[in-house]
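Each chain, written out:
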Amino acid sequence: VVPVEYYNFPWWDDKALNAAVAAAVPLFHGAINPGGSMRDEVTAALTGLLAGKSVPGAVITTSATGNERHEQVAIRYHIDHPPVVIAAFHIYGYSGVWTQPLETVEKAAFGERIDGAVRDKLAEEVRGVYGKLGFIAMTMTAPVWGQPHVVNGEVAVPVTASITSEGGQYHVAGMQLKGDVFMTQEQFAASAKLHPGDVANEDVWKQVQAAVAAPYRSHGYLDAKVDATQVLHPADRTVDYAIAVEPGPEYRMGKLTLANLGEKQKAELMPYWQLHTGDVFNPILIAKSVAEYHRQQAEPQLIHVGYAARWTADQDTHTVDVVLTFDAGK
């Protein structure tokens, strides 16, 4: 069984919705077998709950939530129809200097589809306004739903948040890179776009983290842990940034399965395949290999352009099996 997630049901939080569903589906306890009959029973229960909120005939679907190894870790329920959208986003408690950028965030949110991540996204956008200018100690309440209303065939939901403290502008005190990394401390200091004395910029800090993390995935380190920390010094409004890396084991290519391809099609593709058994696993080479086939193979090509890639990492053997399922267009 896997846990159930609710993606856009703004009348309830997950705990309340689990309880409401359990009242209609007695054996339900917040998790289901994705292939079992309870999946549809939960859908029916949710449909009934929405009808009680003046949303009759709602279309509810499910999708799998996976991890980076494409393993299912949850099943997500979401309302596909009617659309569930943000009616308005209002931010309170900020000083006048922030009016223009925060009003831009508010206006951009209007009409946005609501999903399980939209509140975190809105909070991140508000923090980003402050963080770009070094106000990294700003605090705010998490965005909350207001009362949903069914208007013009949509479920319109007002959202509000409040700034509780704007703090002050911080500067960088130091930058440090630790662990088993692909670059020296000197190379890191030279390549990083933040340096001691600079205004602390959260966008640039994220770029620095991404630049450090990027090589690991393309070098087979699928379990690499990249921990980024920032230590604030309120007395002098400075921040120390640090990134620590634990690469973990190196994964190598295992078995390749080509689904929906005949023998002639496989033979046509394989000369362009760049990820062979025993090679260091680099997921970038999957798309690159297929693209290279379509770029260089003369017409008529036997393989359709569409495909889906799925790979499974074995944590015991540190190998990765790849399945490419091609569209049956050709």
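Let me begin by describing the structure that accompanies this report. (Residues numbered from 1 in each chain as written. Predicted model: local features only at pLDDT ≥ 70, side-chain atom pairs only at ≥ 80, totals over all residues. Heavy atoms only, no water.)

1. Looking at the overall build of the protein
On a plain count of helices and strands, the protein comes out with eight helices and 15 strands. The dimensions of the protein, computed from C-alpha atoms along their principal axes, are 65 × 60 × 40 Å. The buried share among the 330 residues of the protein stands at 37%. Nonlocal contacts in the protein, meaning residues at least 24 apart in sequence, comprise 63% of its contacts between residues at least 6 apart. Carbon and sulfur atoms make up 54% of the accessible area of the protein, which amounts to about 17,200 Å² in all. Taken together, the 25 basic and 37 acidic charged side chains of the protein have centroids lying 3 Å from each other. (Helix = DSSP H or I, 4+ residues; strand = E, 2+ residues; numbered from the N terminus. Buried < 20%, exposed > 50% of the residue type's maximum accessible area, 1.4 Å probe, protein only. Contact = heavy atoms within 4.5 Å. Areas by Shrake-Rupley, 256 points an atom, 1.4 Å probe, with all protein chains shown as cover. Lys, Arg positive; Asp, Glu negative; His and termini not counted. Charge placed at Lys NZ, Arg CZ, Asp CG, Glu CD.)

2. With respect to the packing of helix α3 (residues 99-109) against helix α4 (residues 118-131)
Relative orientation of the contacting elements α3 and α4 amounts to 160 degrees, with a least axis distance of 10 Å. With respect to α4, the axis of α3 lies roughly antiparallel. Classified by chirality, the crossing of α4 by α3 is right-handed. Within the contact between the two elements, α3 uses Pro 101, Leu 102, Val 105 and Ala 109 and α4 uses Leu 122, Glu 125, Val 126, Val 129 and Tyr 130. Class assignment for the residues of the contact of α3 with α4 results in eight nonpolar, no polar and one charged. (Axes fitted to C-alpha atoms, helices over the stretch in contact; angles between N-to-C directions. Parallel < 35°, antiparallel > 145°, perpendicular 65-115°, else oblique. Left-handed = near helix turned anticlockwise from the far one by under 90°. Nonpolar A, V, L, I, M, F, W, Y, C, P; charged D, E, K, R; others polar.)

3. Considerations on the pattern of salt bridges
Inspection of the entire model under this criterion finds eight salt bridges. With its nearest N and O atoms 3.4 Å apart, the salt bridge here joins Glu 5 to Arg 76. Placement of Glu 5 in strand β1 (residues 2-6) and of Arg 76 in strand β4 (residues 72-81) is noted, with a sequence separation of 71 residues between them. The buried category is assigned to Arg 76, whose relative accessible area is 19%. Close ionic contact of Glu 124 with Lys 206 constitutes a salt bridge, the shortest N to O distance being 2.3 Å. Of this pair, Glu 124 sits in helix α4 while Lys 206 sits in helix α6 (residues 202-218); the two residues are 82 residues apart in sequence, bridging distant segments of the chain. (Salt bridge = Lys/Arg side-chain N within 4 Å of Asp/Glu carboxyl O.)

4. Observations concerning the packing of aromatic side chains
Applying the stated criterion across every chain, the model contains 12 aromatic pairs. Taken together, a centroid distance of 6.2 Å and an interplanar angle of 65 degrees make the contact between Phe 182 and Tyr 221 edge-to-face. Of the two residues, Phe 182 is situated in the loop between β10 (171-179) and α5 (185-191) and Tyr 221 in the loop between α6 and β11 (225-233); the sequence distance between them amounts to 39 residues. What makes Phe 182 partly exposed here is its relative accessible area of 40%. One aromatic cluster is present, built from ring pairs that chain together Tyr 6, Phe 9 and Tyr 77. (Phe/Tyr/Trp six-rings, centres within 6.5 Å; stacked < 30°, edge-to-face > 60°.)

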